[in-house]
Amino acid sequence: MKLTGAQIVCESLVKEGVEVIFGFPGGTLLPFYDTLPGYPQLRHILVRHEQGAAHAADGYARATGRPGLCCATSGPGATNLVTGIANAYLDSSPVIAITGQVARPFIGKDAFQEIDITGITLPITKHNYIVLSAADLAGVFKEAFYIATTGRLGTVLIDIPRDVFIEEAEFHYPAKVELSGYKPTVRGHPAQIRKAAQLINRAECPVIISGRGVIISGAYQELKELAEKAQIPVITTLLGTSSFPENHMLSLGMLGMHGLAYANMAVSNADLVIAIGMRFDDRATGVVSGFAPKASIIHIDIDPAEIGKNVRVDVPIVGDVKNVLRELNKQVTNQTHVGWIQQLEQWRQEHPSTDIRGGEELLPQYVIRSICEVTNSDATIVTGVGQHQMWSAQHFCYKKPNSFISSGGLGTMGVELPAAIGVKVGRPEETVWCIAGDGGLQMTIQELATMVQERLAIKIAVMNNGYLGMVRQWQELFYERRYVATPLMNPDFLKVADAYGISALRVKKRSEVIPAIQRAMEHDGPFLIDFMIEPEENVYPMVPPGATLAQVIEGPKKKAAVPSTSATVSNI
Ligand SMILES: Cc1ncc(C[n+]2csc(CCOP(=O)(O)OP(=O)(O)O)c2C)c(N)n1
Ligand SMILES: [Mg+2]
């Protein structure tokens, strides 16, 4: 059966079970867009800027575990995708981007809207293609989905010249893929697993550091079994947040630059670190030479390139986290570490980390806690990048798997709203709270229109501190309070919401917080709350740049403290 290239693309997407594609049209994509109405099973969501399409596809992929699709036209459309592709790539999110390219005879001529997008995205994709014949399309799509969704998940870009969309070819969707040189290892080596089990069975002060790999692999049960069987406290990386229930006895919360003091102290004093599906990012480790100085390290990861990249590892195990943990759990014996756990509990008492000041001041931490309380943790939190992101990680008690979605590797301001759109599309029944920076929201604010057009009932909490807060914090602490280019003159977010037809409220006092959140939750549709938070509130604890995790600053002396109720606090 002969089909046009555009039809082959659509048929391939249908064969792969794609239901939604986030995109923005243009000349080179017109043949593709013209074909879309023939495929009603493919929902196209029109964003307002291509960066939003890539972030939405990324949010969708993180929320569903299925590939997220986005498309953009050649030239500026394609380059607008770049930040979103990089963001997905660095956090191992399976995004597949389709870009239009100028017609084949024009390639290399600096034609109108011609850009070498495969060249540009080479370092930020797991793989990319330019397809020069319609006959190759089906094979390329089969491969692209396979590459994006196997081994370490990743982004793939497929660049298609306009005339390839129009060209006709026979359509046969391949049944399987054979790629020489690409055979991801999914089962851990038995000898390595045996060595790891021996170390675990002998350890006296062990900790687990759980990363996003646990979420991607869906290894929640296996992680819990290991932790409970061998009584090992679980610390998470930023992106590992929600890989382990934070109301669990063994949960110690997040480590790293803004990790909890007692989590960082635990790592600094452990005799064994079991690092699972994490990559020792510098924000997680502090200065690597001082990372876990007393510990042997077991590192379980699907990507062999991560082993030994940043820290020395005693027992590397390459494989899918879930498979490896299943095997490991068979060989781990029941343990108790009462002395170690008592020590951790003492540090938790001495360094509470998540207590906040009392009074009427509108503290951002209180806002996050209140969202946690009102939703009873039954929500997915999507954040931007900055202070509000760290407060969201620290002060919400994540009980549900994969309920925290945030930009880790690239740290992309502006990701919050479009990513929340992707999450809500992927989880229509879920309560989705977009915790937005007042700076970050303004980077992608145009996607409010996408949200409204698609009737997505996202609840937006603007953490309005009038600053590029995280940068201001660094200026306060390390540049003698010289606030260069960080104060923001914000628009009236209520008027902005109104212009888009979104209901909204402004909150200035602590006592108004919970009623406003309740109102947002009861409202049938999107809702925005403009929280006028303390402008110069800082994120603590903080491991200053260039310090080790043991050198954590816990923050200024506090007045009367309100004890933490829930967030990331264990009661070991
Ligand atoms: C695209 C982009 N530009 C610049 C930065 C550097 N940066 C990190 S956090 C931050 C401030 C974020 O401000 P806001 O969104 O208001 O969040 P807040 O820290 O105030 O909570 C900046 C400028 C970044 N991470 N991403
Ligand atoms: Mg801000």
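Bear in mind the structure is a predicted one, so any value in this text is a computation, not a measurement. (Residues numbered from 1 in each chain as written. Chains lettered and ligands numbered in written order. Predicted model: local features only at pLDDT ≥ 70, side-chain atom pairs only at ≥ 80, totals over all residues. Heavy atoms only, no water.)

(A) Focus on unusual backbone geometry. Backbone torsion omega between Y540 and P541 reads -5°, so that peptide bond is classified as cis. Checked against the element boundaries, P541 lands in the loop between β21 (527-532) and β22 (561-562). Non-glycine residue D110 carries a positive phi angle of around 55°. Relative to the helices and strands, D110 is located in the loop between β5 (95-101) and α5 (117-121). One non-glycine residue with positive phi stands out, namely R455, at about 55°. Summarising the element assignment, R455 is placed in the loop between α19 (447-453) and β19 (459-464). The exposure class assigned to R455 is exposed, which follows from its relative accessible area of 75%. (Helix = DSSP H or I, 4+ residues; strand = E, 2+ residues; numbered from the N terminus. Buried < 20%, exposed > 50% of the residue type's maximum accessible area, 1.4 Å probe, protein only.)

(B) Layout of the sheet that holds strand β9 (residues 206-210). Overall, parallel pairing links the 6 strands, which are arranged β11-β10-β9-β12-β13-β14 in an open sheet. A single partner strand is all that each edge strand has here, and the edge strands are β11 (251-254) and β14 (315-318). Direction aside, the axes of adjacent strands within the sheet are offset by 15° on average. Note that β9 and strand β10 (residues 234-236) share 3 bridges and pair parallel. Paired with S210 across the two strands is T236, which belongs to β10. (Pairing = 2+ DSSP bridges. Axes fitted to C-alpha atoms, helices over the stretch in contact; angles between N-to-C directions.)

(C) Region of the structure containing the pattern of salt bridges. If you walk through the whole model with that rule in mind, you get 26 salt bridges. Residue R357 is joined to E537 by a salt bridge in which the shortest nitrogen-to-oxygen separation is 2.8 Å. Of the two residues, R357 is situated in strand β15 (residues 356-357) and E537 in the loop between β21 and β22; the sequence distance between them amounts to 180 residues. Like E537, R357 is buried. (Salt bridge = Lys/Arg side-chain N within 4 Å of Asp/Glu carboxyl O.)

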